[in-house]
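The primary structure of each chain is shown beneath.
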Amino acid sequence: MLYQQIARNKRRTVYVMIGFVLLVLLIGAAVGYVFFDSYVAGVLMAVVIGGIYMALMISQSTSVVMGMNHAHEITSADQAPELWHVVEDMALVANVPMPKVYIIDDPSPNAFATGNNPEHAAVAATTGILDKLNREELEGVMGHEMTHVRNYDIRLQTIALALAAVISMLVNIGMHSFWWGGGRRNNDREGGGYIQIILMVLSLVVVVLAPIAASLAQMALSRNREYLADAGAVELTRNPRGLISALEKISNAEPMKEADPSSAALYISNPIKKKSMANLFSTHPPMEERIKRLEQM
Amino acid sequence: MVTIIVVIVVIIALIAIYAGIYNGLVSARVQTQESWSQIDVQLKRRNDLIPNLVETVKGYGKYESSTLEKVVELRNQMTQVPAGDHQQAMEVSDQLTSSLKSIFALAENYPDLKASAQYSELMEELSNTENKIAYSRQLFNSTAANLNTKIQSFPTNIVAGIHHFAQVEYLKVPEEEKENVKVSF
C-alpha cells in the first residue's frame, strides 16, 4: 500500500510536470499572441522564464521556500532540543535521513515540509507550535510532515508551486507590457477576419483562466495528500490522540503573519485561513473531517 | 536456431529474476540488522547517561539508594547480554526503563534537584533516548515484517529456502508498555 503510494506519487509528479509544462507553453503562446502579436515570442519567453525558474526552484527549492516564509535554520540539538529530538525520532521510524530543521518566528502554531527528495528535505515549525504543543502532539505533527517527505509529496508540491509561479509571472509580464503600451498589435491588419477574432478571444480566455486552473490543480493535489499524511503520522507514532489534539490546538489559533500565500498548500493547516471559502479553492480538507477520520483509526 | 535463442533468452531471464529475488532478500536482511544496530546505539547511549544521572541524584535523600542500586545493577546486566539475544536485551531494557521512571518520580520530591539545569538536561537526554529506543523497536519490527513476508511468500520462499534465510523474531511491544516507554514532560 505504502510503496504503491510512493510509486504513484512519483508517477503523478511526472504527469503534473508534463501537464504544467504544456499549460505554460499554451499560456506563453496566448500571452504572446494577445500582447506581442507573435506566438513564437510568447512561447520562447515561456520556455526561457520557465526553464530558468524551474532550474532555480529544483536546485534551490528549500532555501527559496524557507526564505519566502522567513524561516531560519537550526543546526544543532541545543537550539531547540525538543523539536530536534522529535524530528530525529520521526526520521528514524520513517526510515528517512534526518532533514534540515527550520524555525519560523510566528506565534501561530503551524509547520510544513519541503525539499526535492527525502535526502534533501527540510521541515519548518513556528515558534508558536513549539510553545503550544506538548511532545506527543509535536510528534503527531512531525510524523505528518515526515510522511510528506517519505511519500515524495514534497517534490510534487515544490514543482507545482514553481510552475504556478511561472504562470502568474507570464501573465503579469503580458499585462504590464499591455498597460505600458509596449508591442501592441494594430488591428487594421489585412486578411484576419473571424478567425483572428476567435483566436484573440480564445487566447484571452486562456490568459484569464490558466492561473485559476493551475491553482485549482495545485489545491486538489494538496488536499488529498493531507489525509494520507495524517494516516501516515498515526502509522509512525501509533498514537492518533497526539495528532488530534495538535490539530485542535492549531485550528483554534490565529492565522500566521509570516506565511507566504503561495506556499500555503505546504503547511499542515492553512496558515491564512479564510473561513467559508468554497471547497474547490481550499488547499486543505476541513479540519473537522480530518479529526473525524483520525478518530476512526 | 530459433529454439536455441529462445532457450538462451529464457535462461538469462530466469537467472535475472533469481538474482533480483536473492538481492531483495539480502537487502531486507541487512535492513533488519541495521535497524537492530539503531536500537543498540540507543541502549549504549542510555548506559552512558546512567552514571551521570546517579552522580546528580545521589546527594538527595538516602532512601533512594536502593532504587539507584537497582538501576546500576540493571545497567551492568545490560552490558552482559550476549550480542545476538534481542529478546533478553529488550527485557532488561524494559526493566531499566521502569526503574528510571521511578527515579524521575522520586525526583518530584526535591524541588532544587528539579530546578537544576544539569538535571533537566539529563531528563531531556534520557527521555530522548527512551523515545528513540521505542521508535527504533518499531522500525525493527517493520523491517522484520518486511523480511518475513518475503521469506513466506511465493516465489521468494523458494530462493529463501535454498539460501537458508531465517525469519526474524519480532520484538514484543505491548500497547500499554509502549505507553510507559514514552517519557514526556
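Since this is a predicted model, take the numbers as computed values, not measurements. (Residues numbered from 1 in each chain as written. Chains lettered and ligands numbered in written order. Predicted model: local features only at pLDDT ≥ 70, side-chain atom pairs only at ≥ 80, totals over all residues.)

### Re the confidence of the model for chain B
- Across chain B, pLDDT averages 85, with 91% of residues at or above 70.
- Under a pLDDT of 50 for its full length, residues 176–185 of chain B has, in the predicted model, 20 contacts with residues more than four places off or in other chains. (pLDDT = per-residue confidence, 0-100. Contact = placed C-beta atoms within 7 Å.)

### Digging into helix H2 (residues 39–68) of chain A
All names here are of chain A.
- Its 30 residues give H2 an end-to-end C-alpha distance of only 33 Å, which falls more than 12% under 44 Å, the value for a rise of 1.5 Å per residue.
- Buried within H2 we find Gly-42, Val-43, Met-45, Ala-46, Gly-50, Ser-61, Thr-62, Val-65 and Met-66.
- Just downstream of H2 lies His-70, where phi reads positive at about 55 degrees. (Helix = DSSP H or I, 4+ residues; strand = E, 2+ residues; numbered from the N terminus. Expected span 1.5 Å × (residues − 1). Buried ≥ 20, exposed ≤ 12 C-beta atoms within 10 Å, placed from the backbone.)

### With respect to the interface of chain B and chain A
- Opposite the 11 residues of chain B that make contact, chain A presents 10 residues.
- Split by residue class, the side of chain B that touches chain A holds two nonpolar, six polar and three charged. (Nonpolar A, V, L, I, M, F, W, Y, C, P; charged D, E, K, R; others polar.)

### Comments concerning the nonpolar core
- One finds Ile-27, Ala-124, Leu-163 and Ile-167 of chain A to be the most contacted residues of the largest nonpolar core, which totals 87 residues.
- For Ile-167 of chain A, the residues in contact, after removing those within four places along its chain, are Leu-23, Val-24, Ile-27, Ala-210, Pro-211 and Ala-214 of chain A.
- The next biggest cluster of nonpolar side chains, apart from the first, holds nine residues, and it includes Leu-74, Val-92, Leu-100 and Leu-126 of chain B. (Core = buried A, V, L, I, M, F, W, Y, C linked by C-beta atoms within 7 Å.)

### Concerning the sheet that holds strand E3 (residues 111–115) of chain A
Residue and element names in this part refer to chain A.
- The strand order across the open sheet formed by four strands is E1-E2-E4-E3, and the pairing between neighbours is mixed. Where the open sheet ends on each side, the last strands, each with one partner, are strand E1 (71–74) and E3. When strand polarity is set aside, the average angle formed by the axes of neighbouring strands in this sheet is 30 degrees.
- Of the strand pairs in this sheet, E3 and strand E4 (residues 121–126) are connected by five bridges, and their pairing is antiparallel. Paired with Thr-114 across the two strands is Ala-122, which belongs to E4. (Pairing = 2+ DSSP bridges. Axes fitted to C-alpha atoms, helices over the stretch in contact; angles between N-to-C directions.)

### A look at the packing of helix H3 (residues 81–94) of chain A against helix H5 (residues 117–152) of chain B
- Packing of H3 of chain A against H5 of chain B brings their axes to within 9 Å, and their N-to-C directions diverge by 15 degrees. Considering their axes alone, H3 of chain A and H5 of chain B lie roughly parallel with respect to each other. Of the two possible hands of crossing, H3 of chain A and H5 of chain B adopt the one that is right-handed. The segment H3 of chain A lies against H5 of chain B, with Pro-81, His-85, Asp-89, Leu-92 and Val-93 of chain A engaging Glu-124, Asn-128, Asn-131, Lys-132, Tyr-135, Ser-136, Gln-138 and Leu-139 of chain B.
- Partitioning the contact of H3 of chain A with H5 of chain B into residue classes produces five nonpolar, five polar and three charged. (Parallel < 35°, antiparallel > 145°, perpendicular 65-115°, else oblique. Left-handed = near helix turned anticlockwise from the far one by under 90°.)

### Looking at the pairing of E3 of chain A
Residue and element names in this part refer to chain A.
- In terms of residue burial, E3 counts as a mostly covered element, since five of its five residues are buried.
- Side chains Ala-111, Ala-113 and Gly-115 project from E3 onto one buried face, and the interleaved Phe-112 and Thr-114 project onto a second face that is buried too.
- In this structure, the hairpin formed by E3 and E4 is closed by a connection of five residues.

### Here we look at the environment of Gly-19 of chain A
Residues and elements named next belong to chain A.
- Topologically, Gly-19 is positioned in helix H1 (residues 2–36).
- Of the residues examined, Gly-19 has 14 C-beta atoms within 10 Å and is grouped as partly exposed.
- With 14 residues separating them along the chain, Gly-19 and Tyr-33 place their C-alpha atoms 21 Å apart.

### With respect to the UniProt feature "transmembrane region" (unreviewed entry) in chain A
Residues and elements named next belong to chain A.
- Per the UniProt record, "transmembrane region" (unreviewed entry) is annotated on residues 12–33, 39–58, 159–181 and 193–217.
- Taken as a whole, residues 12–33 contains 100% helix and 0% strand, while its terminal C-alpha atoms sit 31 Å from one another.
- For residues 39–58, the helix share is 100%, the strand share is 0%, and the end-to-end C-alpha distance is 28 Å. (UniProt positions renumbered as here; feature names shortened; annotations may be inferred.)

### As for the UniProt feature "binding site: Zn(2+)" (unreviewed entry) in chain A
Residue and element names in this part refer to chain A.
- On the UniProt side, "binding site: Zn(2+)" (unreviewed entry) is annotated at positions that read His-144, His-148 and Glu-226 here. Taken together, the annotated residues stretch across 83 residues yet fold into one region, lying no more than 8.5 Å apart by C-alpha.
- Tracing the backbone shows His-148 in helix H5 (residues 135–150).
- Excluding residues that lie within four positions of it along the chain, His-148 makes contacts with Ala-113, Asp-153, Ile-154, Arg-225 and Ala-229.
- When near neighbours in sequence (up to four residues on either side) are disregarded, Glu-226 contacts His-284, Pro-285 and Arg-290.

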